[in-house]
Amino acid sequence: MTPSRRTFNKLVLGAGLAAPVHFITPVRAQPKKGDELVVGIWGGAQERIVREHVEKPLVEKYGCKVSYVLGNTLERRARAYAERGRPSFDVIYLNIYESREALQAKVTQAPSKAVPQYEHLYEPAKIGGYGVAFNPCTIVYDGRKAKKPVTSWKDIWNDEWKGRVSWPEGLGTEGIAALMMTARTFGGTEKDFDMVIQKVKQLKPFAAIHSSQVQLYDMFDQGICDIGVEFASFTRKYAETKNPNIVIADPVEGQAISMNVGCITEGTRNQVLAEEWINLHLSEPCMLAFAREIYYSPTVRNITIPADLKGKVLAGDDIAKMVDFDWAYINANRAAWQRKIDREIAG
């Protein structure tokens, strides 16, 4: 749905006239009937679940309206930056590195106790905004082609996978996960990118380079590749519904953290509604709806994981085992890293 409250062109123009960000303070007026909350989020299951478990109770309580701007995070991020200080979004959903960057740029607000569920968030979910779903990246492979279970990121370099690896494209979430876990596995950090490039080059020739999980799954189905790096949640759904031969590894070095983050914009006109929206997203009904439908792991401690979901989503000590990265350093080096990847890995 297209937001009716303010048009994009007006806001882009307005952004140039906006007050300096440090003069902006949240407007905490109580919501009234007819207020409109604008939410930028992915479509599909993401939209469907929040409509049921967030929008519906919010509208019932306040008589407000909710409009959605659907699409990928690149579009949302660009628009939010263009509108900084006078946002059309009240709430935007970003990935983990985009959320931390947006907070640093004062496009979005830091999370706070004004959202009651804040106190129950796991620590990684308090950075960059309100983490609403853990969705780690890890090794996924065709179990029929493995001589033994994959238990380490180093196993990708085993001879049995030579020429059968699909490497994630570029510096998206899966690509960063694969590169940074290579660094960790071989004794490096984010600052050892040249070493990482050399290790990844040892895997060539690749069976393929995939730019989405759908591409990777299609290639598994067609026998083009046998191992790759992808989101555990989506892969579990794929394995259960389409390809039971696919195994999700739990490497000793850990799974790479990935997270969807709900962010309240700086300058929102609907501060209270936005906080209530986030709180409803972090409620047990919404968390479990995401867990059941796409195996997103809850980001709050105060919910009960049903027996049928245990072992399929992360909880408790599992959260601490995820590997986080220095996103500020990664974001500062993206352009240079992309050139190296284009030249030495993708080429």
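Residues numbered from 1 in each chain as written. Predicted model: local features only at pLDDT ≥ 70, side-chain atom pairs only at ≥ 80, totals over all residues. Heavy atoms only, no water.

Turning next to the layout of surface pockets. Of the volumes computed, that of the largest pocket is approximately 640 Å³. If you trace the largest pocket, you find 26 residues lining it, with W42, T73, N95, T173 and F231 closest to the centre. If you list the elements that add at least two residues to the lining of the largest pocket, you get α2 (45-62), α3 (73-82), α4 (96-104), α5 (173-185) and β10 (259-264). Of the residues assigned to the lining of the largest pocket, the class counts are 10 nonpolar, 14 polar and two charged. Estimated volume of the second largest pocket: approximately 330 Å³. In terms of lining residues, the second largest pocket is bounded by 21 residues, among which P136, D250, Q255, L314 and D318 are the most central. Those elements that provide at least two residues to the lining of the second largest pocket are α8 (232-241) and α11 (317-321). Here the element with the most residues in the lining of the second largest pocket is α8; it accounts for three residues. Split into classes, the residues belonging to the lining of the second largest pocket amount to 10 nonpolar, six polar and five charged. (1 Å grid on protein atoms, 1.4 Å probe; cavity = no way out; pocket = protein on both sides within 12 Å on 5 of 7 lines; lining within 4 Å. Points joined across faces, edges and corners; volume = space filled by probe spheres on them. Helix = DSSP H or I, 4+ residues; strand = E, 2+ residues; numbered from the N terminus. Nonpolar A, V, L, I, M, F, W, Y, C, P; charged D, E, K, R; others polar.)

All right, on to the nonpolar core then. By size, the foremost hydrophobic cluster in this structure holds 98 residues, and its most contacted members are V39, I156, W167, L179, W277 and F325. Beyond its immediate stretch of four places on either side in the chain, F325 contacts R100, I176, A177, M180, M181, R184, E190, A256 and I330. Within the second largest apolar cluster, 10 residues are counted, among which are V140, L216, F220 and Y238. (Core = buried A, V, L, I, M, F, W, Y, C linked by side-chain atoms within 4.5 Å. Buried < 20%, exposed > 50% of the residue type's maximum accessible area, 1.4 Å probe, protein only. Contact = heavy atoms within 4.5 Å.)

For α4, the full list of buried residues reads I96, Y97, E98, S99, R100 and A102. Buried residues along α4 sit in contact with α3, β3 (91-95), α5, β10, α12 (327-332) and α13 (334-346). Remark: K106 follows α4 within two positions and exhibits a positive phi of approximately 60°.

With their axes 11 Å apart at the nearest point, α3 and α4 run at an angle of 0° to one another. Relative to α4, the element α3 is oriented roughly parallel. Contacts between α3 and α4 pair T73, L74, R77 and Y81 from the former with E98, E101 and A102 from the latter. Considering only residue class, the contact of α3 with α4 consists of three nonpolar, one polar and three charged. (Axes fitted to C-alpha atoms, helices over the stretch in contact; angles between N-to-C directions. Parallel < 35°, antiparallel > 145°, perpendicular 65-115°, else oblique.)

This part is about the side chain of E55. Here E55 shows up in helix α2. Among the residues examined, E55 registers a relative accessible area of 17% and is labelled buried. Leaving out residues up to four positions away in the same chain, E55 has contacts with V50, V66, Y68 and W277.

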